[in-house]
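These are the residues of each chain, in order.
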Amino acid sequence: MKNQIILLIAFICVSVNGQKTPASFVNYDRLPTDNPLFDYDERISSIQFISDNEFEFWSRPMISCVTWHEYKGNWINKNDTIIFSDRYEVQEADSHFKFSKQSDNLYTLNFKTDKNSNLKNKSIEIQYVYDFGSEIDDIEFETVLDHNAVLNLPFQNIPHLNKLASIRFEIILGNGEKRYGYITDHQVVNKRVKKLPNQITITLIEEPIKEWVYRTTKALYFDGNLKIISTEKTQSKFDNDENLKFKDLYKERSL
C-alpha cells in the first residue's frame, strides 16, 4: 500500500509548464445557432493531460454521445510550447464509379475489379436508398449478377423511382473480402439531388492503399489557460478529413 501511494504522488506531480498532470483544460462554449435543437459544434471542447506524455482531445458536437469523438496521442513541452502529436490511418476508397447515360429504361451495374479478377461469387445485396425527406423506407433484397458480372435493374421494378437517392451494394470478392458502397454522383447518399445516370461501372479495388497521417498541434500555457497556436498534418491523397477545429482558449479545470 505504501508503494502504491508513492507511485500515485509521483504521477500527479508531473509538470506541464508548471501545471500538474493529470490536468484538464476545457471550453464548453457553443457556436451561436438559430435552432438549438440542431446545435452542432465539432470544435475540440476539452484537452486532457493523462500522464507526463499522453493526452486526449474530446469533441462533443451534440448532446448525443454518438456524435462524440476522441483523439489520443503523445505530448512534449519544448521551449515553452506544448506539442501534441497523434496519427490515424486512411486508405484508398475500395470502389470507384464511372457514370454514363443511355436511353434504356433501366440501371445497368457493371462490376469488375482493378486487377480484372473473376468475380466467382455472383451473389449481391442491393438496397434502394430514398430521399430522407420522402419518409419512404429503404428497400433491401438479394439477387445475383449475370455471367458477365452485370446487374440490370429495370425502372419499372423500382418503387418510388422519382425519390431514389442512391443504390447501395454489398458483394464478396474472391479472396473473401467484403466490398460495399453507395452508388451516387454526389456526397449525401440519402439526399436526391438529381436522377442517377443509368449506366454505371463499379471497379472494386482488391488491395486498397493504406497510409498513416501524422498530426501536430502546438499550444501555449499561460495564467491557467491553454491556447492553441497551430495545427497541421502530413499530406495524403486519401485523407478527406479536415484539420481539427479548436476554440480560442481553454481554462484549467480542477480534478
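Coordinates for the structure precede this section.
Residues numbered from 1 in each chain as written. Predicted model: local features only at pLDDT ≥ 70, side-chain atom pairs only at ≥ 80, totals over all residues. Heavy atoms only, no water.

Focus: the sheet that holds strand E3 (residues 23-26)
- The strand order around the closed barrel formed by 8 strands is E3-E4-E5-E6-E7-E16-E17-E18, and the pairing between neighbours is antiparallel. Between one strand and the next, the sheet's axes are offset by a mean angle of 30°, whatever the strand orientation.
- Pairing of E3 with strand E18 (residues 250-253) involves 3 bridges; the strand directions are antiparallel. Bridge assignment links Ser24 to a residue of E18, and that residue is Arg253. (Pairing = 2+ DSSP bridges. Helix = DSSP H or I, 4+ residues; strand = E, 2+ residues; numbered from the N terminus. Axes fitted to C-alpha atoms, helices over the stretch in contact; angles between N-to-C directions.)

Some details on the side chain of Thr81
- Tracing the backbone shows Thr81 in strand E7 (residues 81-91).
- For Thr81, a relative accessible area of 17% corresponds to the buried category.
- Excluding residues within four positions of it along the chain, Thr81 makes contact with Ile76, Lys218, Ala219, Leu220 and Ile229. (Buried < 20%, exposed > 50% of the residue type's maximum accessible area, 1.4 Å probe, protein only. Contact = heavy atoms within 4.5 Å.)

Thoughts on the side chain of Asp41
- Tracing the sequence through the fold places Asp41 in the loop between E3 and strand E4 (44-49).
- Within polar-contact distance, the side chain of Asp41 engages the side chain of Arg43 at 2.8 Å.
- Not counting the four nearest positions on each side in its chain, Asp41 is found in contact with Asp29, Arg30, Leu31, Arg60, Pro61 and Lys247. (Polar contact = N/O pair within 3.5 Å; in protein donor to acceptor, adjacent residues only side chain to side chain.)

A short note on unusual backbone geometry
- The residue Asn79 is not glycine, and still its phi comes out positive at about 55°.
- Looking at where Asn79 falls in the secondary structure, it is placed in the loop between strand E6 (69-78) and E7.
- A relative accessible area of 69% places Asn79 in the exposed class.
- Backbone geometry places His160, a non-glycine residue, at a positive phi of 55°.

Re the sheet that holds strand E10 (residues 123-130)
- Sheet architecture is open: 4 strands sit in the order E11-E10-E13-E14, paired in antiparallel fashion. In this open sheet, the two strands that pair with only one neighbour each are strand E11 (139-144) and strand E14 (178-183). The sheet shows a mean angle of 20° between the axes of neighbouring strands, taken without regard to direction.

Geometric values such as these leave the question of function open.
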